[in-house]
Amino acid sequence: MIKGYIAIDKEICKGCELCIEACPQGSLILSQSINHRGYRYAELKEDNCTGCTNCALVCPDAAIMVYRAAKAKKAV
Amino acid sequence: MEREIRLMKGNEAMAEAAIRAGMKAYFGYPITPQSEVMEYLFEQMPKRNFKVLQAESEVAAINMIYGAAGSGARVMTSSSSPGMSLMQEGISYIAAAELPCLLANIVRGGPGLGTIQPSQGDYFQAVKGGGHGDYKLIVLAPNSVQEMADFVFDGFKLAEKFRGPAMILSDGALGQMMEKVALLPEGSLPHTVPAWAATGKPANRPPNVITSLYIEPEKMEMINHTLQAKYKQLQKEEVRYEDYQTEDADIVLTAFGLSSRICQKAVDLAREQGIKAGLLRPITLFPFPEKKIAEIAETAKVFLDVEMNAGQMVEDVRLAVNGKKPVYFKGRMGGIIPSPEEILHEIEQISEQVLSYQN
Amino acid sequence: METEVLTPEVQEGFDCVYNKPDTLTDTRFHYCPGCGHGVAHRLLMEVIAELGIQEETIGVAPVGCSVFAYHYMNIDMQEAAHGRASAVATGVKRVLPDKYVFSYQGDGDLAAIGTAETIHTVNRGENILMIFINNGIYGMTGGQMAPTTLANMVTSTSPYGRSTEWAGFPLKITEMLAMLPGAYYVTRQAVHTPNSVRKAKKAIKLGFEYQKLKRGTCFIEIVSNCPSGWKMNPVDSNKWLEANMLTMYPLGDIKVPVKEGQGE
């Protein structure tokens, strides 16, 4: 299982939930706390993210950076 | 500067001058009495170094002007009254975005569809700003084919110096009639793409944005102050007029464009009868020669403003005279050109009633 | 408008596989939560970054929700009067024929007040990329009916649903334009699912690559949601889009260049 994680800029996020809808792993959720504009921002709740980038693709505010575990380097 | 002599129609002389003045692109739309401008340009395009495109409307044409000017090109369009009305919104945007360009209005009789005969009924639209918001056009009023050509060079120079739209306010007669014209040579007005133009952002500078949108009122007011400062400078530095025998004149005629030629003849006829008449012809309608007229008002006894409309420039004359002397008005509308005799008759009447001349 | 700069330390052994393109500025989008404009902006700037044409591109955005596009797009731009973006873009392209030029318009702008400019720009085959965001409503001015508003769709100027007897029919302008010989590549995309976003990006990339060939206008309609105007939350709005907008405005290529092939 590829491991991945994401970084959401919680101050830019407007809590539209489109990333939550798009995540095939259901690993995103709206936080209980709010950002300085009063939006509940999206955050990772599970660590089963595969770095598939779906969330970033649909994010209307370009607020998500996605990381994926580097493939194990083939032994030379 | 070696000039080339030709016999040309006003519209075509203006088009030829635009090519020689380094116009990069012309976007226009057919409308009588000025379609020859674009026709001439299309004929010349394959042989010369500029582009001409016929748009689907004057609204589209003026916005093509906006885009090309915003990308740093020297551009021009021309139209006639109804078409110029369609361009007003675009012109307001061009003034606000501080884009240099040259417009020509070959005015015809109105209002409405009107006629195709010459008129001066668009003075207010041109001088007071026909679109929304506080802005001005630099307005040059030729009274000959020669000036229709020369004012293209002057118009581009002023538009680029003050970064805004300049307009040649001519009329159907000047556009259609043929006269001798001495044309400046190509290359006598070099052009460089300005640094503010939207030409594609190189790495070493922030984006250039051509816009007239300032949602913060403080910023919008600042833009307005910039524009008003330009108009003050224009008023101070760029006023042009022609003074024909006003020094000792009792009755001074004021007229621009075609009317001024008729008035000049009327002044000569009046002088032959011993009536001391003179003519003050504004060449720049904005900036208006208010100081000169105020000076004349010290010596002249009475003014007679002559226009081919219901009385528009007369208001600015009255403002300049400021009540010191009476300002009479003689106008013909509908596309009628007054005759010198008609104007002479007015001069004689005023002379008898007001100046109690005994001739 | 302070924005938090995103600089988490990259965990050991991980690569960054997705990041905001630097052709987008740091200015936070003003769009309503969940609005498709933000996705369209991002894709456009990703393509411009990936094609390396930031220095060669001039964008034209008109009046509408996207009027502030020049705050977000890190390229030279011109802001056009309502409806006139394609005329402005024509002016730009005619004096800078070797630059990339795109216009970015909403449905009111492109298919109502700017219809004449739209049709004639395409009919002249202007070598520009026209991006058309169709959300069936006037967003910026508060949700009025647009030419592409669906029959019976409620807007602030069709409060009882758009009556086709009274206010005419949803205008499928993209299909109309595809008939014009000047149209080189015409497609309708969407940005409401990861898959549609990937496809939309491919289309935008083609739109720019084809522009180099100078064979005519590339026209990309992006069917988008308008949560505020439609009075729905973002997730529901995309569901509604799927069920209603896409039946009237089916996705897919409408006109592709005869010789199939990337813009080589």
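What counts, and at which threshold
Residues numbered from 1 in each chain as written. Chains lettered and ligands numbered in written order. Predicted model: local features only at pLDDT ≥ 70, side-chain atom pairs only at ≥ 80, totals over all residues. Heavy atoms only, no water. Helix = DSSP H or I, 4+ residues; strand = E, 2+ residues; numbered from the N terminus. Rg over C-alpha atoms; globule rule 2.2 N^0.38 Å. Buried < 20%, exposed > 50% of the residue type's maximum accessible area, 1.4 Å probe, protein only. Contact = heavy atoms within 4.5 Å. Lys, Arg positive; Asp, Glu negative; His and termini not counted. Charge placed at Lys NZ, Arg CZ, Asp CG, Glu CD. Areas by Shrake-Rupley, 256 points an atom, 1.4 Å probe, with all protein chains shown as cover. Pairing = 2+ DSSP bridges. Axes fitted to C-alpha atoms, helices over the stretch in contact; angles between N-to-C directions. Domains from an automatic or database assignment. Salt bridge = Lys/Arg side-chain N within 4 Å of Asp/Glu carboxyl O. Buried area = accessible area lost by both parts, 1.4 Å probe. Polar contact = N/O pair within 3.5 Å; in protein donor to acceptor, adjacent residues only side chain to side chain. Phe/Tyr/Trp six-rings, centres within 6.5 Å; stacked < 30°, edge-to-face > 60°.

Caption draft 1: Quick peek at the overall build of chain B. Helix and strand counts for chain B come out as 13 helices and 15 strands. The C-alpha radius of gyration computed for chain B amounts to 21 Å, which stays within 12% of the reference 21 Å derived for 359 residues, consistent with globular compactness. Principal axes of the C-alpha set define a box for chain B whose edges measure 80 × 50 × 40 Å. Taking all 359 residues of chain B together, the buried fraction comes to 60%. Sequence separation of 24 or more characterises 79% of the internal contacts of chain B that already satisfy a separation of 6 or more. With 36 positive and 44 negative side-chain charges, chain B shows a separation of 5 Å between the mean positions of the two kinds.

Caption draft 2: Representation of the overall build of chain C. Per the secondary structure count, chain C includes 10 helices and 10 strands. Taken over C-alpha atoms, the radius of gyration comes to 18 Å for chain C, in line with the 18 Å a tight globule of 264 residues would show. With respect to the three principal axes, the spread of C-alpha positions in chain C is 60 × 40 × 35 Å. Sorting the 264 residues of chain C into buried and exposed places 59% on the buried side. Looking at chain C as shown, the accessible area adds up to about 10,000 Å², and 58% of this sits on carbon and sulfur atoms.

Caption draft 3: Representation of the side chain of Ser259(B). Note on placement: Ser259(B) falls in helix α10 (residues 257-272). Beyond its immediate chain neighbours, meaning those up to four positions away, Ser259(B) contacts Gln120(B), Val306(B), Glu307(B) and Met308(B).

Caption draft 4: Layout of the side chain of Ser31(A). Within the element layout of this structure, Ser31(A) appears in strand β2 (residues 28-34). Ignoring anything within four residues of it in the chain, the contact list for Ser31(A) reads Arg40(A), Tyr41(A) and Glu43(A).

Caption draft 5: How the structure looks around the sheet that holds strand β11 (residues 251-254) of chain B. Residues and elements named next belong to chain B. Pairing is mixed in the open sheet, where 5 strands are placed in the order β10-β12-β11-β14-β15. Of all strands in the sheet, those with a lone pairing partner are β10 (241-244) and β15 (327-331), marking the two edges. Averaged over all pairs of adjacent strands, the angle between strand axes in this sheet comes to 20 degrees, irrespective of strand direction. In this structure, strand β14 (residues 302-307) lies alongside β15, joined through 5 bridges in parallel fashion. Across the sheet, the residue bridging to Asp 305 is Phe 329, located in β15. Against the sheet, α10 contacts β10, β11, β12 (277-282) and β14, and its axis sits at roughly 165 degrees relative to β12.

Caption draft 6: Seen up close, the environment of Ile29(A). Residues and elements named next belong to chain A. In this structure, Ile 29 sits in strand β2. Note: C-alpha distance between Ile 29 and Gly 15 (14 residues apart in sequence) is 9.6 Å. Filtering out sequence-adjacent residues up to four positions away, Ile 29 remains in contact with Ile 20, Tyr 41, Ala 42, Glu 43 and Lys 45.

Caption draft 7: Broad picture of the domain arrangement of chain B. Residue and element names in this part refer to chain B. Looking at chain B, the domain boundaries give domain 1 (4-237) and domain 2 (242-358). Distance between the C-alpha centres of domain 1 and domain 2: 29 Å. Taken together, the contacts link 31 residues of domain 1 with 25 residues of domain 2. The tally of links between domain 1 and domain 2 comes to 3 salt bridges.

Caption draft 8: Focus on the interface of chain A and chain C. Listed as interface residues are 36 residues of chain A and, on the opposing side, 35 residues of chain C. Between chain A and chain C lies a buried interface of about 3,100 Å² when both sides are counted; carbon and sulfur atoms form 63% of it. Summed over the shared surface of chain A and chain C, the number is 1 salt bridge. Close ionic contact of Lys239(C) with Glu21(A) constitutes a salt bridge, the shortest N to O distance being 3.4 Å. At the junction of chain A with chain C, the criterion picks out 11 residue pairs in polar contact (both at pLDDT 80 or more). If one sorts the elements of the side of chain A that touches chain C by residue count, strand β4 (residues 64-69) of chain A sits on top with 6 residues.

Caption draft 9: A look at the packing of aromatic side chains. Scanning the model with the defined rule gives 14 aromatic pairs over all chains in all. When the ring of Tyr5(A) is compared with that of Phe14(C), the centres are 5.0 Å apart and the planes differ by 75 degrees; the resulting orientation is edge-to-face. On the criterion of chain membership, the pair formed by Tyr5(A) in strand β1 (residues 4-8) and Phe14(C) in strand β1 (residues 14-18) is interchain, its members lying in two chains. Given the relative accessible area of 11%, Tyr5(A) is considered buried. What makes Phe14(C) buried here is its relative accessible area of 17%. Ring geometry for Tyr231(B) versus Phe286(B): centroids 5.9 Å apart, planes at 85 degrees, classification edge-to-face.

Caption draft 10: A look at the sheet that holds β4(A). Taking strand neighbours across the sheet as the criterion, the 3 strands line up as β1(A)-β4(A)-β1(C) in an open arrangement whose pairing is antiparallel. What marks the edges here is a single partner per strand, and that holds for β1 of chain A together with β1 of chain C. The average angle at which neighbouring strand axes cross in this sheet is 30 degrees, direction not considered. Bridge count between β4(A) and β1(C): 4 bridges; the pairing is antiparallel. Each bridged residue has a counterpart across the sheet, and for Val66(A) the counterpart in β1(C) is Tyr18(C).

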